Every structure is written in C-alpha cells, then in structure tokens.
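# Descriptive structure summary
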Amino acid sequence: MKKEPTVAYFCMEYGLQSDFKIYAGGLGILAGDLLKAAKDLKKPVVGIGILWRQGSTRQVIHENGWPMDCFPEYRYDFLKDTGVTVRVSVRERPITLKVWLCDCFGNAPLFLLDANLAENSDRLITGQLYGWFHEERIAQEIILGIGGVRALRALGIQADLYHFNDSHPMFASFELIREEMKAGRSFEEARAKVRQSIVFTTHTPVAAGNEVHEHKLLEYMGAYNGLSYEQVKEIGGDPFNMTVAGLRMARLANGVAALHAQTAQKMWAGVEDAAPILAVTNGVHNGTWQDKAIRDAYLAGRPLMPVHKRLKMHLLSEIARRCGVRLNPEALTIGFARRAAPYKRGDLIFGKMELIEPLLKNGTLQLIFSGKAHPNDLTGKEIVSKMVQMAKKYPSAIVFVQDYDMQVGALLTRGCDVWLNTPLRPLEASGTSGMKAAMNGVLNLSILDGWWPEGCINGVNGWQIGDGTQGEGEEQNDRDRDFLYKALFDEVMPAWYQHPATWESMMRMSVQMATDRFSAARMLRDYYETMYQAAPEEPVKTQA
Ligand SMILES: *Cc1c(COP(=O)(O)O)cnc(C)c1O
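Residues numbered from 1 in each chain as written. Predicted model: local features only at pLDDT ≥ 70, side-chain atom pairs only at ≥ 80, totals over all residues. Heavy atoms only, no water.

The chain has the name glycogen phosphorylase in an unreviewed UniProt entry, where Solibaculum intestinale is given as its organism. As stated in UniProt under Cofactor (unreviewed entry), the record for the chain gives "pyridoxal 5'-phosphate". (UniProt positions renumbered as here; feature names shortened; annotations may be inferred.)

Moving on to the overall build of the chain. The secondary structure content of the chain amounts to 19 helices and 19 strands. Projecting the C-alpha coordinates of the chain onto the three principal axes gives extents of approximately 75 × 50 × 45 Å. A buried classification covers 61% of the 544 residues belonging to the chain. Counting only contacts in the chain whose residues sit at least 6 apart along the sequence, the fraction spanning at least 24 positions is 73%. Taken as a whole, the chain presents about 21,300 Å² of accessible surface, with 53% of it coming from carbon and sulfur. Computed over 61 positive and 63 negative side-chain charges, the inter-centroid distance for the chain is 5 Å. (Helix = DSSP H or I, 4+ residues; strand = E, 2+ residues; numbered from the N terminus. Buried < 20%, exposed > 50% of the residue type's maximum accessible area, 1.4 Å probe, protein only. Contact = heavy atoms within 4.5 Å. Areas by Shrake-Rupley, 256 points an atom, 1.4 Å probe, with all protein chains shown as cover. Lys, Arg positive; Asp, Glu negative; His and termini not counted. Charge placed at Lys NZ, Arg CZ, Asp CG, Glu CD.)

Right, let's get into the sheet that holds strand 15 (residues 365-370). Pairing between the strands of a sheet comes from backbone hydrogen bonds, and it takes one of two forms, parallel or antiparallel. The parallel open sheet is built from six strands, whose spatial order is 16-15-14-17-18-19. A single partner strand is all that each edge strand has here, and the edge strands are strand 16 (398-401) and strand 19 (462-465). Averaged over neighbouring strand pairs, the angle between their axes works out to 20 degrees when direction is ignored. Sheet topology note: the strand 18 (residues 443-447)/strand 19 ladder contains four bridges and is parallel. Residue pairing in the sheet places Asn444 in a bridge with Gly462 of strand 19. Of the strands in this sheet, strand 14 (332-337), strand 15 and strand 16 touch helix 11 (residues 305-323), which is tilted by about 75 degrees from strand 16. Packing against the sheet, helix 17 (residues 473-498) makes contact with strand 14, strand 15, strand 17 (418-421), strand 18 and strand 19, and its axis sits at approximately 160 degrees to strand 19. (Pairing = 2+ DSSP bridges. Axes fitted to C-alpha atoms, helices over the stretch in contact; angles between N-to-C directions.)

Here it is as structure tokens:
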C-alpha cells in the first residue's frame, strides 16, 4: 500500500470548541471537525490557521433590539509554544509571526500564526476574524498563506499536499511558486509543479461571497511575493478573483455537496484552465455533535423519544435561564439557526401570518431562532432585529437566542423537535447544522438544497419542502412558502400530535441516515480517496 499523503490543511478559521472563538461559522466548524476526524482516524493531517486575538464577534442584542458587536481580548493559555517564529512582509515591512500549537480538543495538530508581538507595529493585524477593511484582509491572507508555508518549513513538516479550504489561503501558492523559482525553475515550470500539490474546496455559490482584489492593492500589500503582474494575472485574472485563482492553482477542486458541485461547475464554467470540480459532501464530527445518550439508545435499539425529551428539557431550561422564557415541553418546537443572510430566508415561515399566528397563540407551535450577522452587514443585522421583534411580539411562542456559537448550536440541534431550513435554492452550499440535527433524531424540514437531497427520504427520515424545482424571484419565495405550510400542516404537525409511533420511527431513520454518511470521518475518507490519493507526480486526468 502506498503511504498516505501528509496533508497541510489551510483555513482562515477553526471551530474546535465553543469558547475558542477563532471561528465565525460553518466554514470554521467544518475545518475543526475535519481535524478531529483526522485525529480519530490517525490520518497525517496538520492544520494551519491564525490565532485571532479578538476572535469573531460576540453579538448581543441591545435593549433597543439591534445586534451589537463586542470584541473581548481572549487569553489562550491552553496553547503550546512551538518556539518557532516566521516572518512575512506586508507593505514592504516585516511582520513576525509566532507559531502556536493547538492539540487539546481531540484534534490533529493545528498550528496558529500570531502577530501579537511587541516587535510588530500592528499587533492586531491578527485581531478580528473577518474584521477590519480590505487592506487588512489581504494582510491576513498573506499571513495565512505565505506565513503558513513558511511555518511548515520552520517546523520541519513535510507536506505532500496543500488543501485550501476556501480561497483565503490562495497566496500560499505564490510562496510555493517562489520556492520553486528560487530552485531554478521558470515560472511556468514552477506553477505546473506546485499545482500538482494543491487541492481546493470552494464554498459559496453566492457571487458576493467570492473575494476579488485590485492588482494595485495586491502589489502594494506585498501579496505578489516576487511574482510579476502578468504572472499573477495569469492565475487570478484582473481584477484578481481568489476563487478563480484557486481553480487555476489546484489540480483538483471540490464542492461541498453533490448539488453544490454541479452549481459550482456551472458557476465557474467560463474559467479557462480550471481544475475539475468534484463533490465531497461535508460531514460533522459525531463525538462533538451527536449526543452520546441518543447514540447509545439508537445502537441498543431502545426508544429514542425518552432521551430526546431529556435533551429538549435541557434546551428549554437553558432558554429559560438565558432568555427568561418558559417554553412548553409538550409543544412542537422548531429550531432555526443560521448566519443572517437574505438567501437563508429565516422569515419564510412568517410569509402568511394569518396561518401561523393562530398556532403561536394557541400554543401548538414554538419557534427558537438564533443567528449572527457579520459586523459590517446591515442587511444581516436587519434580519436579526426582525427575529428579535417577532420574539417580542409572541413572547410565549418565539424566542431568539443571542450570540449563536457552537454551544448554542449543540443545544439546538439536540433539543429541538424539528430543524427548519429554507434557503433559496441552490445557494446553500451544504449546510451542516441539519446533519447535526439528523444524527440526534431532530427531524429536518428543509428545502432540497445543499446536502439534504442526498439524505432526505420524504416522510421517512425527515421532510422536504417543495419538489426540488425552481421558480423565478418572488415566485420562488411564494411557492416555497406554500410548500413549507403544506408540509408543516399536512405532515409535521399531525405526526407530532397524533402519530407518536411514526415520529419515533422517523427519528430512528434520521439517526440511521446521518450517523455514518454525514460524519466527518466519512468526509475525510472521501477526501483521501477522491482528492488526496493520487501521488503528486501522477498527472491527474481532467474531466472531459
Ligand atoms: C453547525 C454550525 C454552523 C453551520 O451550520 P449551517 O447549517 O451551515 O448554517 C454555523 N454556526 C454554528 C455555531 C454551528 O454550530
């Protein structure tokens, strides 16, 4: 058997533990779960990231109902000092980066770069995750990409493959090219060689989520790393598109669900010389996200509902403590927690209040919302504030849990009865909270987007909203809203209130569907089989 390739996994954020706030959301939790799976499966993976001194936003709701961002300075006493520092150049000035090791959350080794040193003129360049402005973002990406490769060298870690999780680490490829050119290769030779060692995961199908930079700015910031305008343009175009660059620097790329891979193929079809885009569906780490009591009951063939009721009670008492609202444990309780973005359509269920309001008032339907907006995203904050208003209007039936983080995520995906997801298809790349819910027997009620078309057997292990076809614009909103009501009134509510045996069997089918197929272990095995396995020397066949 061939030796398994050692993979250096690069990502801007990592969600390993709720209070270690170097993550913002799904991308980071995916990265954290992958490192945990690597540890469990003893795969030779190391992570490269940034030690965000102020983390991502702690977003609390002001008395006036508007989300407010706080950035505490965190202490990270649990990290190990590797004794290694590396340097990068930003705006032609040196920045020294200390390299910390994080290996205490059941994860494969994660090396974190930290600019918070007295000798640096800007110690907070590694301050806020996705914070600051355009120039600082590029500086942070220089630190992650170029600093990350230098850290691997300084640590003496030999990587066979570099996996870029989303495009933020793109500049790592410029450092790898620079190394090869220093060894005497031409730019074209260096690029071709380096390309054999890079794989790239693309995430967002929302155009605005794909970063574009002006060349002038890249050059000024030092991102060129010794390359010329023509060379950099050949990789990412002008203006420089980070995703396009990823596709042109990787030997293979992937989307994060089967449907998303198709969407990404269409989206980037016009990019010449792009890597083929395969599909590796995301998964979540069972040890982190699946409640042990549910898992044990499932494996022993014992009923799941008694365990679920305990988890629901735990959630409701936590909500009473945090929000001062006592929800009814007998009432059907639907959870919805997302980053606040318009395409997620958290308000779809309120589309016809005349249908929903009676249920909220007679106590047969309870809704628990959570979510954060990016600090600079006013539209997202508007969405959060609308949810807060709804909770104020129906205080006994709707709650909004502030400061969505891994702990809130874990509580909700264990303790709700139903997990609602209503994205505008096909904009949900994968969605992993639904997988967490599914493996706890919390039944998904979701648009057939992201991972759900792969898991859903309608009426057996959860429910689909709609038929997987698309309308246009507002029409699609109206159709999806009506499909949501149809599923809710005709199937979900009758099952909860009248057919407990059906519910019990659906919970079991849900756990069965998700436990292995949507685990991070399965995902990592897939990465090894489809993306990592070919030895770097072997030419990779491109798709016809
Ligand atoms: C799981 C999780 C996510 C990602 O879930 P989606 O379904 O992609 O929205 C985001 N944030 C937190 C805190 C999570 O636990």
